[in-house]
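Breakdown of the fold
Below are the chains, spelled out letter by letter.
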Amino acid sequence: MKVKRKWIPYTMLLPAFMLVCIFKIYPVISSLMDGFTSHGHFSLEVYKSLLKDATFWNSLWVTIKFNLICIPLQICIAFILAMFANAKVKGIGIFRTIYYLPYAVSLTVATMIWSLMFNYNSGVLNSLLMKLGFSAQGFLNDSKQALFCIIIIATWKGCGYWMMFILAGLKNIDGEIYEAARIDGAGFFHTVFKITLPLLKKVLLFVCVANTSSNVLLFAPMQLITNGGPKNSTDVLMYEAYKSAFKYADRSRSAAIVSVLLAMIILVATLQFFLLGEREEKPKRKRKGR
């Protein structure tokens, strides 16, 4: 009977594990295999052609630039919002709700609303700029501004979500630590950098890794409002993989690009674990006396 009971938890987890294998693990393995397959045979030709493809290198650079700006921006704003939301003031619950609401809005809906605001002819942003005496901006029609417009959309959409994780971490910090710091004469910035951030390391690590995965794979705004343009300025790798698979029917090229994206996520996540992960100090060996 004890042996049978031992297998009950594993039996309960089996359906969920099978779903993960079918819808998560198998597609990843299949995609990796497709990237190394050409006309039914193992080949590296797809990756060799990518290295010679100027479109691929442009998409890689756009993806890197997008994430180098978007990820730190989202986390910094989310941290500031969480600090405000953690304050014990009247009506703070309304503040938390307002800043979490953007995440509750569908990404498709949010993208279309922002595209209307960024519209050159009838957008509210250009109307405000012209009333203030500035000239109208191209926004999504300008190759120098389009990617930053996408960054604004992604930041507006995601900050409230990441704020909730950081806020949960702030709630777990003992208030007596801050009280002791105040008694010792520690200022606001000293408290933030010497107490709050070190104690939020695990939370920030999760937020950084999850945020990286989310932003590297983002392509809905590019698909809906820019189509990778103008002049390929918003043609990120994920959108290039989508085009290869569904527009050009080039499954091998799409799989190869997805493999590059997966390698990027693993590399960045590893770096984040190295920088933010807690390192265990090895105990020093005592030297034997002579």
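Residues numbered from 1 in each chain as written. Predicted model: local features only at pLDDT ≥ 70, side-chain atom pairs only at ≥ 80, totals over all residues. Heavy atoms only, no water.

Quick look at the pattern of salt bridges
Enumeration over the complete set of coordinates arrives at six salt bridges. Note that Glu45 is salt-bridged to Lys48, the shortest N-O span being 3.9 Å. Of this pair, Glu45 and Lys48 both sit in helix α3 (residues 45–51), three residues apart, which is roughly one turn of that helix. Given a relative accessible area of 47%, Glu45 falls into the partly exposed group. Beyond isolated ion pairs, a larger network of salt bridges with shared partners links Asp53, Asp235, Glu240, Lys243 and Arg253. (Salt bridge = Lys/Arg side-chain N within 4 Å of Asp/Glu carboxyl O. Helix = DSSP H or I, 4+ residues; strand = E, 2+ residues; numbered from the N terminus. Buried < 20%, exposed > 50% of the residue type's maximum accessible area, 1.4 Å probe, protein only.)

Observations regarding helix α8 (residues 146–171)
Along its 26 residues, α8 runs 38 Å from first to last C-alpha, staying within 8% of the 38 Å computed at 1.5 Å per residue. Of all the bends in α8, the greatest measures close to 35° and is centred on Gly158. (Expected span 1.5 Å × (residues − 1). Bend = angle between axes of the 7 residues up to and from the residue.)

A short note on the nonpolar core
By size, the foremost hydrophobic cluster in this structure holds 22 residues, and its most contacted members are Ile75, Ala82, Met163, Ile166, Leu170 and Leu200. Those elements giving two or more residues to this core turn out to be α4 (54–85), α8, α9 (175–183), α10 (188–199) and α11 (201–216). The leading source of residues in this core is α4, at seven residues. Once residues within four sequence positions are removed from consideration, Met163 is found in contact with Ala78, Leu81, Ala82, Ala85, Arg96 and Tyr99. Within the second largest apolar cluster, 14 residues are counted, among which are Phe56, Ala256, Leu261 and Met264. (Core = buried A, V, L, I, M, F, W, Y, C linked by side-chain atoms within 4.5 Å. Contact = heavy atoms within 4.5 Å.)

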